[in-house]
Every structure is written in structure tokens, then in C-alpha cells.
Amino acid sequence: MQQLALAWRAAGEDVGCVLTMGALHAGHASLVARARRETRRVVVTVFVNPLQFGAGEDFDHYPRAFASDLELLTRLGVDAVFHPPVREMYPDGFRTRVDPGPWGALLEGRSRPGHFGGVLTVVLKLFSLTLPTRAYFGQKDVQQLLLVRQLVRDLALPVEVMACPTVREEDGLAVSSRNAYLDASQRQSAPAISQALQAVRRAFDNGEGDPVRLEEAALQRLGQRREMTVDYVALFDPETLARPPRAVTGSVLAAAVTLGSTRLIDNVVLGAESL
Ligand code: AMP
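Analysis parameters
Residues numbered from 1 in each chain as written. Predicted model: local features only at pLDDT ≥ 70, side-chain atom pairs only at ≥ 80, totals over all residues. Heavy atoms only, no water. Axes fitted to C-alpha atoms, helices over the stretch in contact; angles between N-to-C directions. Helix = DSSP H or I, 4+ residues; strand = E, 2+ residues; numbered from the N terminus. Parallel < 35°, antiparallel > 145°, perpendicular 65-115°, else oblique. Left-handed = near helix turned anticlockwise from the far one by under 90°. Contact = heavy atoms within 4.5 Å. Nonpolar A, V, L, I, M, F, W, Y, C, P; charged D, E, K, R; others polar. Near = heavy atom within 4 Å. Polar contact = N/O pair within 3.5 Å; in protein donor to acceptor, adjacent residues only side chain to side chain. Salt bridge = Lys/Arg side-chain N within 4 Å of Asp/Glu carboxyl O. Buried < 20%, exposed > 50% of the residue type's maximum accessible area, 1.4 Å probe, protein only.

Caption draft 1: Structural view of the packing of helix α9 (residues 191-205) against helix α10 (residues 211-223). Contact pair α9 / α10: the axes reach a minimum separation of 9 Å and the direction vectors enclose 150 degrees. Taken together, the axes of α9 and α10 lie roughly antiparallel to each other. The hand of the α9/α10 crossing is right-handed. Residues Ala192, Ile193, Gln195, Ala196, Ala199, Val200, Ala203 and Phe204 of α9 form the contact with α10, whose participating residues are Leu214, Ala217, Ala218, Arg221 and Leu222. Residues belonging to the contact of α9 with α10 are distributed by class as follows: 11 nonpolar, 1 polar and 1 charged.

What follows is the structure, encoded as C-alpha cells:
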């Protein structure tokens, strides 16, 4: 992969990359389509990264659908698909880990210790292998996006990180590979997450600026669903990941809930469509 990317870059071509864990859906496709519009070369990586899964998480069961992924990516007209085996990414003797710093322990990191270290380690290695000028990330995983931006800033990586809006099902549920785990009744309940976030957005639009009251409004709506366990609802400033004294345009409201054994995340930006 690196040889190909080096040849592209040596020829002066810009390279867009989309990093994925496969089981591709409309959210991934929107990132790829944007890269296709904006960069001469497009590379998509498909790699279920064991480093970012904790013990007891769904690494073994994570949906894998490489044949249909490849079909979709061929239709989307990408220049390369990089789908390495785990032992190629992490051969015997692989020891380095990227430390995400304090942001890695917040929000998602509180429930998933080690997750962002695993994410940033694979992101850095995949950047080294694909040499992108631009990398496209979904706002659905907003903390991941912000941590990748921090990685790029802190380590002076020559990559432009592009934030892409969350693609949703018609009923508002954020499209996710993990939605495949939901049974019919859970699937019916799942749109309550985006509905709660949207309701809070409207409350903000109508003048509510108290961050705790806004969080509580979302919690209360989610709490009405018996089958849903709320992991967190958090309003934060995307520059600091801390709760601001007052909610402002650009503040992010994020939620993580568990439905059965499926953990789903979503977020909205107050007063704006996206980051
Ligand atoms: P994943 O395969 O879940 O690791 O996601 C790969 C990339 O696709 C990440 O940058 C995600 O944020 C992005 N992504 C996942 N779901 C969506 C969605 N519904 N809308 C937009 N981007 C998404």
C-alpha cells in the first residue's frame, strides 16, 4: 500500500483516505463520495482493529462483509482498498502505542478504557501506509474526530482532517454497522436517541442555555425507554471536551446508550448543522 501511495504522491497527486472497519453503509459511502469529489486518489481502508476493542467487547462478533464492501467501493470508484490481516498490522514484536492524553479518558474513554489509544495507534499507522493529504472522518464519532485532529496537531502530521456530517436513517437513527445487532423491538426504540438530542437542540434554539438543564432534558427523554440504559449524556465544548458554563452555538451534545447488549452513540451540534 505504501509503495502505491508513495508513487501517487511522487507524481504530485493528492490522496484522500477514509478509514473504516468495514460492514460499509451509507455513512461510509458519504465519506468516500466526498473524498472522490475532492481528491485525485481515494483509498479506503477496511480493518477491524483489535487494539480499540476492550475485553468483553464485540471484536469477535463485529460484522465483517468484505465481499459486499468491495462491491460498493468498486461502484464508488475508489483507487485502492487496503484490507490488511491483523498480523500484517501488528506483527510479533509490535509494541508502540499512541497515548491519547487526557481526552482519551473522557466520555467514551470512561466507558471504554484503552479505546482511543487503540484508535489513534491504528490511525497513525494507516496514515503512514496510505500517506493521505486529506482524511475524512464522520461526526457521528465526534470524540474520535476531535482526538484525531489533536493527534494531527500535536504530532504535526501533514494531513488535513475533514469532518463529515452524520448520515441518518429516515427515522433519524444514525446509520451504524452496529445497528445490525438490534432486534425488531430495539430497532423501534433506537430513534429515541436522535429524537432526544433533537429535542434538546430545539430547547437551545428556544433560549435554554443551562448545560445541566439541557443534559437533563435529554436524560429524561431517554429514561422513559425501559429497554434503554443511558451510559452518558454530555454537553461539551469541542475545543476543550469540558462542559461550558453556558451552552453556545457550536457546543456538542453527545449520548451513549445501551440497547440490549448493543452500545450506540450519537451527537448533535447546538445551533449548527455540523462542526
Ligand atoms: P467505522 O467503520 O464505524 O469505524 O467508521 C468509519 C468512519 O465512518 C468513521 O470516520 C465514522 O465516523 C464514519 N461514520 C460511521 N457512521 C457514520 C454515519 N452514520 N455518518 C457519517 N459518518 C459515519
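Caption draft 2: Looking closely at the site of the ligand. Of all residues adjacent to the ligand, which total 17 residues, the nearest are Met21, His28, Asp141, Val167 and Val175. In this structure, valine 167 approaches the ligand through a main-chain N or O atom, which is 2.8 Å from a nitrogen atom. When residues of the shell around the ligand are traced back to their parent elements, those giving at least two are β1 (15-20), α2 (26-38) and β4 (134-138). When residues in the shell around the ligand are grouped by element, the largest group, 3 residues, is from α2. Class assignment for the residues of the shell around the ligand results in 8 nonpolar, 7 polar and 2 charged.

Caption draft 3: Fine view of the pattern of salt bridges. Inspection of the entire model under this criterion finds 17 salt bridges. The salt bridge partner of arginine 40 is glutamate 13, with a shortest N-O separation of 3.8 Å. With arginine 40 in the loop between α2 and β2 (41-46) and glutamate 13 in the loop between α1 (2-10) and β1, this residue pair connects regions lying 27 residues apart in the sequence. Arginine 40 sits in the partly exposed class, given a relative accessible area of 45%. Between glutamate 38 and arginine 134 there is a salt bridge; the shortest N-O distance is 2.7 Å. Of the two residues, glutamate 38 sits in helix α2 while arginine 134 sits in strand β4, which places them 96 residues apart along the sequence. Connected via shared salt-bridge partners are Glu13, Arg36, Arg40, Arg41 and Asp79.

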